[in-house]
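# Structure at a glance
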There are 2 protein chains.
Amino acid sequence: MPGSKVIPLRSSLDQPCEPFACAQCGVYQLCLPLGLQQADMTLLESVVKRKEIYKRGQLFFKPGDRFDFIYAIRSGSVKTSVCTPDGRVQITGFHIAGELLGLSALASGQYSSEARALETTSVCRVEAERLDELAQQIPSLQYQMLKIMSGQIRQDEELMLLLGRRNAEERLAEYLIGLSRRFAARNYSPTQFHLSMSRGDIGNYLGIAEETVCRILTRFQNAGLIATKRRDVRLIDLRQLEAVARLGAAA
Amino acid sequence: MPGSKVIPLRSSLDQPCEPFACAQCGVYQLCLPLGLQQADMTLLESVVKRKEIYKRGQLFFKPGDRFDFIYAIRSGSVKTSVCTPDGRVQITGFHIAGELLGLSALASGQYSSEARALETTSVCRVEAERLDELAQQIPSLQYQMLKIMSGQIRQDEELMLLLGRRNAEERLAEYLIGLSRRFAARNYSPTQFHLSMSRGDIGNYLGIAEETVCRILTRFQNAGLIATKRRDVRLIDLRQLEAVARLGAAA
DNA sequence: GATATATATTGATCTACATCAATCATTGCT
DNA sequence: AGCAATGATTGATGTAGATCAATATATATC
């Protein structure tokens, strides 16, 4: 069960910048140190560089960069993407507090995707080599990494299902529901939230055109499923939205 | 670099069924024990159940099944798929010798996908719990698992790019090239091979209709890029095929 | 070896969504 | 504050590929 602490989804720059222990972190339940003994956690903490701040549009890494760091998001949000040789881009994920960046680089020693902050974002940064050494010493840390990766693979399977088999309405409904769940897991409102990504980004991620995203959002709005005002969204009829996600428009 | 041994892509049932050491296995370079010390490999071998044979259509696991085993394919091929609540299916991968099945189950303790043999397939089976214990004792084993998973994530990113951004011709060209590479890595002909999956399966995997697969294959054939006879394929102009995969039809 | 069944191919038509195009609304900048 | 740049929305039109339909070819069954 998730902790009862409310996690800052958006970074506030004015709050004091003191480093603090992982155990006190709002996203502890979702992050790397979950399941570690106190002593091991202290060890992990010793190699973590805390509270690096990235501003909107800033790059964490890009394809081909040497694999130096794993990033854990504390607050804010990040998009990751891959691209074809001729320059077409596919966004592969939007990442929020408690999620890790850079996992797919482990196999080859190079990042295979690009990661870019969608808004002011605070991360913990772990040197890949140090994490490697540490994982050798702390089996439960490596196990946690395995679990996180396994979860990522599972999530990717879902996205493939979405990209391969679902129509535009289902995709967008599913997208909103997914966001809702992730916010809920962080003790944030599952029915009212702010989108840090543009309509274009959403469309790219879902494999549909920006214009289609707009059209369907207004369709949902007219049907009384949601209310939107620019990037602020309120989910009014989650049940109905789930029905759309599963069975398509039809009805 | 891959070993020089030729790997049996298709299982021959008539060959003697003696168990043998991982180090002598044709897919050693691609599999779990890569990088292990001799002593550790012996340990791993002690928990591996070898040469289980699955026949065409036989199920390895399905979504919701308890996560009991990781499977390593020795020969033959397997398709994995996920499905929507209303029954639509998306094939998430075709797997051949040296590849592992069941990784995405690690996070939740349940398989999230279904795996089914496409033809007579021989696998090594490792009990998940034993592997877990073992990995605690052998850091380089856990590391190898991390690498394999990381590679899987990377591969999934590619598929998402394909599903989201590429047209039907590009998808199919990319598909054939991908197969070619994987066969090459196993010391098999990269230009002439047998497809163990149906046109329908290919289309499902690539997010296009079965009929479209046929049409485009004949288009490629007429353009002199490939030759097909039922499920036997010969790649005639790989360079040109790569051009199609990257830049789309056009030209 | 004959029949049945599954898979593959080709053609005709239809449609969901892309693309092109024109505002409109916000947000950042000087 | 006023203007420019960026993002969002809505409408008109086009098309890639889906779907429907009819064989053809191979594989399995008895």
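Coordinates for the structure precede this section.
First, a word on what this report is: a plain description of the structure on this page. Since we're looking at a predicted model, the values are computed, not measured.

So, how was this worked out
- Residue positions are given per chain, counted from 1 along the sequence in the order it is written.
- Chain letters and ligand numbers both follow the written order, the letters beginning at A and the numbers at 1.
- Predicted model: local features are reported for residues with pLDDT of at least 70 only, side-chain atom pairs are reported and counted for 80 or more only, and whole-chain, interface and lining totals are derived from all residues.
- The basis for every side-chain value is the complete set of non-hydrogen atoms in the structure, without hydrogens or water.
- By definition, residues are in contact when any of their heavy atoms lie within 4.5 Å.
- Buried area: the accessible surface (1.4 Å probe) lost by two parts on joining, summed over both.
- The working definition used for a salt bridge is a side-chain nitrogen of Lys or Arg within 4 Å of a carboxyl oxygen of Asp or Glu.
- Nitrogen and oxygen atoms within 3.5 Å of one another constitute a polar contact, given that in protein one can donate a hydrogen and the other can accept it, and given that sequence-neighbouring residues count only through two side-chain atoms.
- Only DSSP runs of H or I reaching four residues or more are called helices, and only runs of E reaching two or more are called strands; each is numbered from the N terminus.
- Between any two strands, at least two bridges found by DSSP are needed for them to pair.
- Only the contacting stretch of a helix is used when fitting its axis, a line to C-alpha atoms as for every element, and angles between N-to-C directions run 0 to 180 degrees.
- The set of buried Ala, Val, Leu, Ile, Met, Phe, Trp, Tyr and Cys residues whose side-chain atoms join them within 4.5 Å is what this entry labels a nonpolar core.
- Type-normalised accessible area, obtained with a 1.4 Å probe on protein chains alone, sets the label of each residue: buried when under 20%, exposed when over 50%, and partly exposed for intermediate values.
- Centres within 6.5 Å are what make two rings of Phe, Tyr or Trp a pair, Trp counting through its six-membered ring; a difference in plane orientation under 30 degrees is then read as stacked, over 60 as edge-to-face, and the rest as tilted.
- Either the NZ atom of lysine or the CZ atom of arginine qualifies as a charge over a ring when it sits within 6 Å of the ring centre and within 35 degrees of the ring normal.

Once that is clear, we can look at the interface of chain A and chain B. Across the contact, 45 residues belong to chain A and 45 residues belong to chain B. Among the residues of chain A in contact with chain B, Leu-146, Met-160 and Arg-165 of chain A are the three that bury the most area, contributing 16% of the side total. If you look at where chain A meets chain B, you find two salt bridges. A salt bridge links Arg-88 of chain A to Glu-170 of chain B; the nearest nitrogen and oxygen atoms lie 2.4 Å apart. On the surface where chain A and chain B come into contact, there are 22 residue pairs in polar contact (both at pLDDT 80 or more). Secondary structure elements with two or more residues in the side of chain A that touches chain B: strand 4 (77-83), strand 5 (89-96), helix 2 (128-137), helix 3 (139-165) and helix 7 (238-247) of chain A.

All right, on to the sheet that holds strand 10 (residues 226-229) of chain A then. Residue and element names in this part refer to chain A. Sheet architecture is open: three strands sit in the order 9-11-10, paired in antiparallel fashion. The open sheet has two free edges, formed respectively by strand 9 (192-194) and strand 10, since each of these has just one partner strand. Across the sheet, the mean angle from the axis of one strand to that of its neighbour is 15°, orientation sign disregarded. Note that strand 10 and strand 11 (residues 232-235) share four bridges and pair antiparallel. Each residue of the ladder has a partner; that of Lys-229, found in strand 11, is Asp-232.

In terms of nonpolar packing, the biggest core is built from 81 residues, with Phe-60, Tyr-71 and Leu-141 of chain A together with Phe-60, Tyr-71 and Leu-141 of chain B touching the most fellow members. Element by element, the count of residues in this core is highest for helix 3 (residues 139-165) of chain B, at six residues. Membership of the second largest hydrophobic core comes to 66 residues, among which are Leu-163, Leu-172, Met-197 and Ile-226 of chain A.

With that settled, consider the packing of aromatic side chains. Residue and element names in this part refer to chain A. Scanning all chains against the criterion turns up 22 aromatic pairs over all chains. Residues Tyr-54 and Tyr-71 carry aromatic rings whose centres are separated by 6.2 Å and whose planes lie at 90° to one another, so their mutual orientation is edge-to-face. Within this pair, whereas Tyr-54 is found in strand 1 (residues 48-54), its partner Tyr-71 is found in strand 3 (residues 69-75), the two being separated by 17 residues in sequence. Considered together, Tyr-54 and Tyr-71 belong to a single accessibility category, that of buried residues. Here the aromatic residues Tyr-54, Phe-60, Phe-61, Phe-67, Phe-69, Tyr-71 and Tyr-111 are joined through ring pairs into a cluster of three or more. Between the NZ or CZ atom of Arg-125 and the centre of the ring of Phe-69, over which it lies, the distance is 4.1 Å.

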